Amino acid sequence: MEVLLISTQFLKDNSVIDSNIDDKIIANTIMFVQESKIQEILGTNLLNKLTADAGSGTLTGLYKTLVDDYVRWMLLYYTVAELLEPLQYRITNKGVVSKDSESRSNSVSPDLVYKLKDSYIQKGEYYSEKTKRFLIKNYNSLPELINTDITEVRPFKDRNTSGILLYNGKKKYYDTHD
């Protein structure tokens, strides 16, 4: 199994996720978020460095600060957001069904699930922005941000972005008031 930057227990201890939720579901979701959201911000090289060091117990210095103060919180909130739907529904041989409520509790509406998901995504984005500011501030001290291969996901700072020219045949810009 690949190295997770937060444990299932850390997630349970620091979020609304109940302690009786299956660790397998949580671990799979942490891995998905780590590979999708976290890699998009850190880039493949830095994420690989962090997971290798965390797995071997050698996470130190700026790398430890990055994980402890930024990445783990971003990972926690994005993971909770991703978990809300799978915890509400399950796939069986009868199709997609709503999970039965535990005794003395009621299932919530799908609208509330989406509102909660949005709330946790916003919290994840808050830590995402803090992480980006940390990476910008320490850009020259983290060589994994500088040395990237074209086959790898590049860190957010190194991505090229550009506008789109919309030409309607008359003007060289797009005007909604034509």
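One can find the structure itself at the top, above this paragraph.
Bear in mind that the values here come from a model prediction, so they are computed numbers and not experimental data.

1. So, the pattern of salt bridges
Taken as a whole and judged by the stated rule, the model has five salt bridges. Two residues, lysine 49 and aspartate 53, come together in a salt bridge whose shortest N-O distance is 2.8 Å. Separated by four residues within a single helix, lysine 49 and aspartate 53 lie in helix H3 (residues 44-56), roughly one turn from each other. Judged by relative accessible area, lysine 49 falls into the partly exposed class, the value being 25%. In this structure, the salt-bridge partner of lysine 64 is aspartate 68, at a minimum N-O distance of 2.7 Å. Remark: aspartate 68 and lysine 64 occur in helix H4 (residues 61-88); sequence separation between them is four residues, near one turn of the helix. We classify lysine 64 as partly exposed; its relative accessible area is 39%.

2. Details of helix H2 (residues 23-42)
At glutamine 34, H2 shows its largest kink, close to 35 degrees. Among the residues making up H2, those that are buried are Ile26, Ala27, Thr29, Ile30, Met31, Val33, Gln34, Ile38, Gln39, Ile41 and Leu42. Tucked into the core, H2 has its buried residues touching helix H1 (8-13), H3, H4, helix H5 (110-137) and helix H6 (143-146). Where H2 begins, the capping side chain belongs to aspartate 22, and its oxygen is found 3.1 Å from the backbone nitrogen of lysine 24. One or two residues past the end of H2 sits glycine 43, with phi positive at roughly 85 degrees.

3. Comments concerning the nonpolar core
With 39 residues, the main nonpolar core has Leu11, Leu42, Leu46, Leu50, Leu66 and Leu135 as its most contacted residues. Every element with two or more residues in this core is listed here: H1, H2, H3, H4 and H5. When residues in this core are grouped by element, the largest group, 15 residues, is from H4. Those residues within four positions of leucine 66 in sequence are excluded, and the remaining contacts are Leu42, Leu46, Leu50, Val71, Thr131, Phe134 and Leu135.

4. Quick look at a nonpolar patch on the surface
A cluster of nonpolar side chains, Val108, Leu112 and Leu116, forms an exposed patch at the surface whose accessible area comes to about 210 Å². On the accessibility criterion, leucine 112 (37% relative accessible area) is partly exposed.

The rules we used
Residues numbered from 1 in each chain as written. Predicted model: local features only at pLDDT ≥ 70, side-chain atom pairs only at ≥ 80, totals over all residues. Heavy atoms only, no water. Salt bridge = Lys/Arg side-chain N within 4 Å of Asp/Glu carboxyl O. Helix = DSSP H or I, 4+ residues; strand = E, 2+ residues; numbered from the N terminus. Buried < 20%, exposed > 50% of the residue type's maximum accessible area, 1.4 Å probe, protein only. Bend = angle between axes of the 7 residues up to and from the residue. Contact = heavy atoms within 4.5 Å. Polar contact = N/O pair within 3.5 Å; in protein donor to acceptor, adjacent residues only side chain to side chain. Core = buried A, V, L, I, M, F, W, Y, C linked by side-chain atoms within 4.5 Å. Patch = residues over 30% accessible without salt bridge, like charges linked within 9 Å, V, L, I, M, F, W, Y side chains within 5 Å. Areas by Shrake-Rupley, 256 points an atom, 1.4 Å probe, with all protein chains shown as cover.

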